[in-house]
Structure formats: structure tokens, C-alpha cells
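Close look at the chain arrangement
Next come the chains, spelled out residue by residue.
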Amino acid sequence: MIKEIFMASNKEYLEFVLNQLSEIEDISYRAMMGEYIIYCKGKVIGGIYDNRFLVKPTKSAKELMPDAPYELPYEGAKEMLLPDIDNRDLMSALIPAVYNELK
């Protein structure tokens, strides 16, 4: 059996993601086991895993990104969506939409 090896994310990628999300209010993060959990107004909307920004696959996320690939943040986790983090317009629509669907 081939086992995938996951590596920790670096601070530079975190800073890049936070910069891309800088137009969205109340974005924060917490470091956890070499990765970063990303919050919007106190709710977990996704995270940075292996230098990949992944978001929860809510209904609106799937509608906004119908072709986005699903990826595992880490072994044994539920799949999440890999958005185009370079697309700031998408991020400005996506993050609030995901936040609004979370309880």
C-alpha cells in the first residue's frame, strides 16, 4: 500500500492567503499541528493544509465553483474544495457565502 505523506504548511503561504482574503471582514487563523485553520467571524470556513487553501464544501461553495477539485486536507479527513485563491473576486463571494451556511 502506498501512503501519501503530508507536509506542514509554511508561514509565507499563510501570509499569501491572508492577503488574498484581506478584503473580507473578520478573517482570522489558528495554527494547529503544522497547519492553519481559517475562520470568518469566528466560524471555521476552511484551512491551509500542505500549502493548499481548502474550504468546506457547502452548497454555495459547490455552486460558485462547480469545477473545483475535492482534496483531502489530511489522511482520514473529509474532502474539501480547492478554490482558485488567486481569484480575489471569487474569494470575496465564496468566503461570505460559506460563512452564511455554517451554523
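Whatever comes next refers back to the structure up there.
Here's what I pulled together on the structure shown here. Quick caveat, the model's predicted, so the values are computed rather than measured.

Considering the pairing of strand β1 (residues 27-32)
Note that β1 and strand β2 (residues 35-40) share six bridges and pair antiparallel. Bridge pairing links Y29 to I38 in β2. If you look at the hairpin formed by β1 and β2, you'll find two residues sitting between the two strands, and M33 has a positive phi there, around 55°.

With respect to the pattern of salt bridges
Inspection of every chain in the model, using the stated rule, returns three salt bridges. Among the ionic pairs, E23 bridges to R88, the shortest N-O distance being 3.9 Å. Highlighted residues: E23 in the loop between α1 (11-20) and β1 and R88 in helix α3 (residues 88-101), separated in sequence by 65 residues. Between D50 and R52 there is a salt bridge, with the nearest N and O atoms lying 3.2 Å from each other. Assessed through its relative accessible area of 18%, D50 is described here as buried. For R52, a relative accessible area of 17% gives the class buried. Each of D50, R52 and E71 takes part in one network of salt bridges that share partners.

Observations concerning the layout of surface pockets
What the largest pocket holds in volume is close to 380 Å³. For the lining of the largest pocket, the secondary structure elements donating two or more residues are β2 and β3 (43-49). When residues of the lining of the largest pocket are assigned to their parent elements, the largest contribution, three residues, is made by β3.

Re the pairing of β2
Burial analysis of β2 places six of its six residues in the buried class, the great majority of the element. Burial of the side chains of β2 extends over both faces: E35, I37 and Y39 are buried on one face and Y36, I38 and C40 on the other. As defined by bridge partners, β2 adjoins β3 across five bridges and the pair is classed as antiparallel. Across the sheet, I38 pairs through a bridge with G46, a residue of β3. Here β2 folds back onto β3 in antiparallel fashion, the turn holding two residues, of which K41 has a positive phi close to 50°.

Quick look at the side chain of E35
Inspection of the secondary structure assignment puts E35 in strand β2. One buried charged residue, E35, forms no salt bridge at all, with the nearest opposite charge on R52 at 6.9 Å.

Calculation criteria
- Think of each chain on its own: its residues are numbered from 1, step by step along the sequence as written.
- The predicted origin of the model limits local features to residues at a pLDDT of at least 70 and limits the giving and counting of side-chain atom pairs to 80 or more, whereas totals for whole chains, interfaces and linings rest on all residues.
- Processing note: side-chain calculations cover all non-hydrogen atoms of the structure and skip hydrogens and water entirely.
- Two strands pair if DSSP finds at least two bridges between them.
- A run of DSSP states H or I qualifies as a helix once it reaches four residues; a run of E qualifies as a strand once it reaches two. Both are numbered from the N-terminal end.
- We define a salt bridge as a side-chain nitrogen of Lys or Arg found within 4 Å of a carboxyl oxygen belonging to Asp or Glu.
- Only protein chains enter the accessibility calculation, which uses a 1.4 Å probe. A residue is then buried if its area is under 20% of the maximum for its type, exposed if over 50%, and partly exposed in between.
- Both site types are read off a 1 Å grid over the protein atoms alone. A 1.4 Å probe that fits but cannot get out defines a cavity, while an open set with protein on both sides within 12 Å along at least five of seven lines defines a pocket; lining residues have an atom within 4 Å of a point.
- Grid points are joined across faces, edges and corners, and a volume is the space filled by probe spheres set on the points.
- Charge convention: Lys and Arg are scored as positive, Asp and Glu as negative, and His as well as the terminal groups of each chain are ignored.

Geometry only, nothing functional implied.
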